[in-house]
Amino acid sequence: MDMSQYRDLFLSETREHINNLNQLVVTLEQEPGNRETIDALFREAHSIKGMAATMGFDRTAELSHHLEDMLDGFRATGEVPASTVDYLLAGIDLLDGLLDDLQSNKPERSIDAFMVETPNEEPAREESVLTAEILEEIPAEELVAVAVEGESEEITPADESAPEPEVAPVVKVETEESNKAETKKKSVKEPDVFKVLVKLAENTPAAAARGILVLRELEKSGELMSSKPDMAALRGGAPCQKIQAWLRTSLAKMHIEEALLRISGVVKVRFIDDRRKDESSGRDEGGRTIRVRTDLLDQFVNLTGELITNRYMLHTATNGRDWDKLTQTLSQTSRLIDDLHHQVLQARLMPLENITGRLPRIIRDLSRKTNKEVTLRLTGAEVGIDRVVLEALTDPLVHLVRNAVDHGIEKEGVVTLSARREKDLVLIEVADDGKGMDPEQLRQQAVDRDLMTPSQAASLSDRDALMLVCRPGFSTTEEVTETSGRGVGMDVVKAAVSNLGGSLDIISAPGEGSRFQMRLPLSIAIIKILLVSCAGHPLAIPLTRVQRTLDLPTCDIQLSGQKRVFRLGEEVVSLYSLAEALGLPEVAAGETTWVVLTEVQGRRVGLQVDHFLGQREAFVKALGFPLNLLVGLNGATVEGNGQVVFIVDPQALLENRQLFKND
């Protein structure tokens, strides 16, 4: 019997079981005698074993059977020894790696080394011993990550090009998300293949040893396909100034670069994409799946039936010139379409818990690395968010949780992840009860790092000062650790939230902890927009970007230096022209100036338009080349008269304009 048709379903369901295993083991570590948790662990391993055996994936079945036998023994004793927890987690990670192999159409990796180990013994692998010996030879102070300022020499793939490996076809991942599903552990995207070029500082001591550490780090990041020099040459003491390697991985390049730069002696990392990669990688997007409740499917069938009935009613009314009946039927059709829109959005919604399942494991591992007692609390995990939005939130949430542990919590504390609905938005908050952040200290750090002048820093409000942590290269700690310290992370969070049409707020004070609030749209396919007129053209602004609209008397606008400002209560707000930002001719304002109040870089600003044209819902269409290269345009929608209306992102537009940079 051909089982290949069930392969994707097997991978999806096994990911769910692995996610459950991770959560259960973390729970079991806190309650080692919890019989229900032990039984649940056994059932998860048993399910994986049965499915893998049926599919003919022998090593996956063998490993899960090994874990099942171990858990069965714990069922008999009623307790899991603490020394076994790490072993179980290592086995779960190996299971996850086996699934990565199957998903990439590769043979299952070897499990022999794991099978011969016991929970009370340290792994006796050649590479581990070698790495330990190397680390003993390198002075402790030299293991601190090196950051060379002013390094400008480029790494070029000139004469020492690593051999290009034969690349197997990359299979697009088909994910099935449900109330207990987890996004793929390392990333939601398919594995990429690219060349990694790593340069070591000149006269680096023990360069070969550091080269081995580089290759070992690359192996942790994915599949190290080939390298020059390779591991064997480095073990023999080969000279090592540059390392060139081909890597297949699902991790973002930024994460790999962070890890490599933490290795002493590494001064530059560069990536070159595989030009042989199929350019039609996005063609399988239609193959992505999502589980839908049967009651929603029933609703679709009912609505479709009613729409078909209304279609015939419209034909009858039109043919009979019965205008009253036509108007009535059109009104009914409009209500049915609204209902269908609502049901379609419900089908796309997935609970936040789909991407929070791995956070307990992350907190557990970080707590052990940092010697801190950290508790994770989750509330509102059942709140539904559009699948596209949810997938894009995976990395930002991990960044925020890691920062909370590393920066916020000092010795012990609580990290809270909560979510709740706010009208058409969802508010997701990551908070900690740690030491908090001091706005005055952040201002001083910005000046010390030459990010702004003392006068500019002094003019920042506390809210703006807290947003400084989102600037690239800005970090609240001077010490580089495994989790943070290089100023990479919060800028990624801010960019991801902005790309989704959301906003990020930071609330913190010394000794009062920190709260990072992300307000995001429930969906990015059909959104509510504000239609405005600008230089005679209709434009749309997402309502999530609009704080208020103002009919401002033109006489209330004043000049402050070279910029226009107006007062809003006690606040002085800068005013910018949408037409100027878009390079369109400006229309002279009359007695009234129409202003859209929005937020840019954490500051409230006004955006002048010619007039307001109303609000409505819009189906967003992506822009094709070359329009997709224009900064500040997020897509387009089509009016009832067939006119195309571009959707403007004020934040991206003004951030890209020199008029705002000079403010």
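Going by the structure above, here's the rest.
Each chain carries its own residue numbering, running from 1 in the direction its sequence is written. At least 70 in pLDDT is required for a residue's local features to be given in this predicted model, at least 80 for side-chain atom pairs to be given and counted, and no such filter applies to totals for whole chains, interfaces and linings, which use all residues. Calculation of side-chain values draws on the structure's entire complement of heavy atoms; hydrogens and water are dropped beforehand.

**Considerations on the sheet that holds strand β17 (residues 558-560)**
The condition is simple: Strand pairing requires that DSSP identify at least two bridges connecting the strands. Helix and strand labels come from DSSP, where a helix needs a run of H or I of at least four residues and a strand needs a run of E of at least two; each type is numbered from the N terminus. Between the N-to-C directions of two axes lies an angle of 0 to 180 degrees, each axis being a line fitted to C-alpha atoms and, for a helix, fitted only over the stretch in contact.
If you trace the six strands from one edge of the open sheet to the other, you get β16-β20-β21-β19-β18-β17, paired in mixed fashion. The open sheet has two edge strands with one neighbour each: β16 (548-553) and β17. If you compare each strand with its neighbour and ignore which way they point, the axes differ by 45° on average. Across seven bridges, strand β20 (residues 592-600) lies against strand β21 (residues 603-609) in antiparallel orientation.

**Thoughts on the environment of Ile529**
Keep this limit in mind: When accessible area is computed with a 1.4 Å probe and restricted to protein chains, residues below 20% of their type maximum are described as buried, those above 50% as exposed, and intermediate ones as partly exposed. Here, two residues are considered to be in contact whenever any of their heavy atoms come within 4.5 Å of each other.
Within the secondary structure layout, Ile529 lies in strand β14 (residues 526-534). A relative accessible area of 0% places Ile529 in the buried class. On a C-alpha basis, the gap between Ile529 and Ala540 in space is 5.8 Å, while along the polypeptide they are 11 residues apart. In this structure, Ile529 is in contact with Ala540, Ile541, Pro542, Leu543, Gly614, Gln615, Arg616, Ala618 and Thr637, ignoring residues within four places of it in sequence.

**Quick look at unusual backbone geometry**
For the peptide bond that leads from Lys228 to Pro229, omega is -5°, which places it in the cis range. Inspection of the secondary structure puts Pro229 in the loop between β3 (223-228) and α8 (231-235). With a phi close to 55°, Arg321 is a non-glycine residue in the positive phi region. If you trace the backbone, Arg321 turns up in the loop between α10 (294-319) and α11 (323-348). Positive phi, close to 55°, is recorded for Ala535, a residue that is not glycine. When you line up the elements, Ala535 lands in the loop between β14 and β15 (537-542). Since its relative accessible area comes to 18%, Ala535 is described here as buried.

**Some details on the packing of helix α3 (residues 58-77) against helix α4 (residues 82-103)**
Using the following cut-off: Just so you know how the angles are binned, under 35 degrees is roughly parallel, over 145 roughly antiparallel, 65 to 115 roughly perpendicular, and the rest oblique. Definitions for this section: a left-handed crossing has its near helix turned counterclockwise from the far helix by less than a right angle. A right-handed crossing has that turn clockwise. The nonpolar class holds Ala, Val, Leu, Ile, Met, Phe, Trp, Tyr, Cys and Pro. Asp, Glu, Lys and Arg form the charged class, and all remaining residues, Gly among them, are polar.
Where α3 meets α4, the axes come as close as 10 Å, and the angle between the chain directions of the two elements is 160°. Relative to α4, the element α3 lies roughly antiparallel. For the element pair α3 and α4, the recorded crossing hand is left-handed. Across from Arg59, Thr60, Leu63, Ser64, His66, Leu67, Met70, Leu71 and Phe74 in α3, the residues of α4 making contact are Thr84, Tyr87, Leu88, Gly91, Leu94, Leu95, Leu98 and Leu102. Across the contact of α3 with α4, the residue classes tally to 11 nonpolar, five polar and one charged.

**Digging into the packing of aromatic side chains**
Threshold: A pair of Phe, Tyr and Trp rings is counted when the ring centres sit within 6.5 Å of each other, with Trp represented by its six-membered ring. The angle between the planes then sorts it: under 30 degrees is stacked, over 60 is edge-to-face, the rest tilted.
Overall, the coordinates contain four aromatic pairs when judged by the stated rule. Aromatic pair Phe194 and Phe271: ring centres 5.4 Å apart, planes at 90°, arrangement edge-to-face. With a gap of 77 residues between them, Phe194 in strand β2 (residues 192-200) and Phe271 in strand β5 (residues 266-273) connect regions that are remote in the sequence. The class for Phe194 is buried, based on a relative accessible area of 2%. The class for Phe271 is buried, based on a relative accessible area of 18%. A centroid spacing of 5.7 Å and a plane angle of 75° characterise the contact between Trp594 and Phe612, whose relative ring orientation is edge-to-face. Here Trp594, found in strand β20, pairs with Phe612, found in strand β22 (residues 611-619); they are 18 residues apart in sequence, far enough to count as distant. Of the residues examined, Phe612 reaches a relative accessible area of 18% and is grouped as buried.

**Structural notes on α4**
Heads up, the condition is: Given the number of residues in a helix, its expected span is that number minus one, multiplied by 1.5 Å.
Compared with an ideal rise of 1.5 Å per residue, which puts 22 residues at 32 Å, α4 spans 33 Å between its outermost C-alpha atoms and is within 8% of the ideal. Directly beyond the C-terminal end of α4, a positive phi value near 60° is found at Asn105.

**Overview of the nonpolar core**
Stated precisely, the cut-off is as follows: Only buried residues count toward a nonpolar core. Its members are Ala, Val, Leu, Ile, Met, Phe, Trp, Tyr and Cys residues joined through side-chain atoms within 4.5 Å.
In this structure, Ile428, Met518 and Leu520 are the most contacted members of the largest nonpolar core, which totals 49 residues. Looking at this core, the elements that each hand over two or more residues are α13 (359-370), α14 (387-408), β10 (412-422), β11 (425-432), α15 (439-448), α18 (490-499), β12 (503-508) and β13 (514-521). It is α14 that provides the largest number of residues to this core, a total of nine residues. Beyond its immediate sequence surroundings of up to four residues, Met518 is in contact with Leu393, Leu397, Leu400, Val426, Leu427, Ile428, Val493, Val497, Ser503 and Leu504. Phe10, Ala52, Leu63 and Leu67 belong to the second-largest nonpolar core, a separate cluster that totals 36 residues.

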